Each structure stands twice: as C-alpha cells, then as structure tokens.
Amino acid sequence: NAGVTQTPKFQVLKTGQSMTLQCAQDMNHNSMYWYRQDPGMGLRLIYYSASEGTTDKGEVPNGYNVSRLNKREFSLRLESAAPSQTSVYFCASSTEITNYGYTFGSGTRLTVV
Amino acid sequence: AQSVTQPDIHITVSEGASLELRCNYSYGATPYLFWYVQSPGQGLQLLLKYFSGDTLVQGIKGFEAEFKRSQSSFNLRKPSVHWSDAAEYFCAVGLDSNYQLIWGAGTKLIIKP
C-alpha cells in the first residue's frame, strides 16, 4: 500500500547511544517532516525538507540531525540520546505547499533510559 | 506568533449523541485549516481541510467542519458519534509562507456506551 513507512516501530536506547530513524514514502511527495509527540504537547516539528536536497530546522531541532537521502527517504539521527528524547516520532510527507494533505507514518516509540 | 488552541483536553460523549470539537487559531490572514484524527497507537489521518470557498467542509467518516472568519474558529462536528470515533483529534493551521503546520494540543474523545 502507498504511504509512509517508518522503522523501527519501537526502540529502547541507553543514554549516550546513537541511532537513526528511517522514513520512506512512495507517493512522490516533495516535502517530508519529522515530528515528535509528547503527552499534552501536541506535535512539534523537529526538521523538515521542503524538497530533495534541502533541510531546515523546525521548532525543536536540538539533539537531532537529518538527511534527505533522495526524494523518497528522510532519516532522523540522534547522535547521543538523552532521556528528554523519549517520545513518539512521526514522519510525514506532503505535496506542494498549496495542497498540504500530510500523510503520516505509524510512528516510532523511542525510550531512552 | 501564530497559534492554534483546542480548549478541551478531553470530551466525553454518549454513543449516538452529537459532537462538536473546538478549534481557534491566531493568524492575520485566512490560513489553511485541517483536522486530523489519531487512533491509539496509530499515526495521524487527515479528516478534512479548508483552503477557500464554501466555509462548511465535509470530511471522511461523517465529519464536517465550519470555518468562521469572524471567530477565528474551525470547529469539527459530527451528528451522531460511534464507539469507533474514540480517538484524539488535532486541529492544525497551515501558513502560505512555509511548509509547516501549526498544531493544537489535541482533544481526546471518549465515547460512553
């Protein structure tokens, strides 16, 4: 089925470990996004990529890096995980700016101990 | 700064009763307006969106929303809720100037049998 695929679905890290969250979409969307979701705080944008080859910081970029590998793939890297990064991470994609219609992945639940 | 307010953190409704979820935004011009639904453990799914034209928009699953410019509101309604509507609902605002959506904190809908 067409959509946004995130891996892994669950992950437990120790403080200081690194990991990369993977995201791929097969809808030929130009724009891709990484959000984190924490109880009572809604969705907060970490990074986004308006088009292949570009990335920009969102609301909460500290402690994260991203790579837009190609039009399909947009990865999120935690270089040195901290307990404050315990969250559910969502990747999303959309078409051009005048037709947002975000499509979300099913999320990655990350726990940092 | 632009913001989205969903004043109700939780709403409890009896099955078969009508529903209205409130959303207010702060933005100088007419924004793009969205409602998303998130079932437990899932990603977010687009319910409906408003860009321009008719201020009453129809969405999936029997939902509708009305844009009221004078009140800066975009409330979500459903005439008769079903137990399967139990979920968290997010209002979001899109700005023409960039690719980001601004999210409300969400309203959790609880259905009483």
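Data block above holds the structure.
Residues numbered from 1 in each chain as written. Chains lettered and ligands numbered in written order. Predicted model: local features only at pLDDT ≥ 70, side-chain atom pairs only at ≥ 80, totals over all residues. Heavy atoms only, no water.

Caption draft 1: Structural view of the layout of surface pockets. Here the largest pocket is characterised by a volume of approximately 740 Å³. Lining the largest pocket are 31 residues, and of these Gln37, Val88 and Arg109 of chain A together with Gln38 and Glu88 of chain B lie nearest its centre. Residue assignment for the lining of the largest pocket shows that the elements contributing at least two residues are strand 9 (87-94) and strand 11 (108-112) of chain A together with strand 10 (87-94) of chain B. Considered class by class, the residues forming the lining of the largest pocket number 11 nonpolar, 15 polar and five charged. Listing elements by their share of the lining of the second largest pocket, those giving two or more residues are strand 5 (43-49) of chain A together with strand 11 (101-103) of chain B. By residue class, the composition of the lining of the second largest pocket is seven nonpolar, two polar and two charged. (1 Å grid on protein atoms, 1.4 Å probe; cavity = no way out; pocket = protein on both sides within 12 Å on 5 of 7 lines; lining within 4 Å. Points joined across faces, edges and corners; volume = space filled by probe spheres on them. Helix = DSSP H or I, 4+ residues; strand = E, 2+ residues; numbered from the N terminus. Nonpolar A, V, L, I, M, F, W, Y, C, P; charged D, E, K, R; others polar.)

Caption draft 2: Representation of the pairing of strand 9 of chain A. Residues and elements named next belong to chain A. Here strand 9 lies mainly inside the structure; eight of its eight residues are buried. By the alternation rule, side chains of strand 9 split into Ser87, Tyr89, Cys91 and Ser93 and Val88, Phe90, Ala92 and Ser94, which are all buried. Pairing geometry for strand 4 (residues 31-37) and strand 9, over seven bridges, is antiparallel. Looking at strand 9, one finds that tryptophan 34 is bridged to cysteine 91. (Buried < 20%, exposed > 50% of the residue type's maximum accessible area, 1.4 Å probe, protein only. Pairing = 2+ DSSP bridges.)

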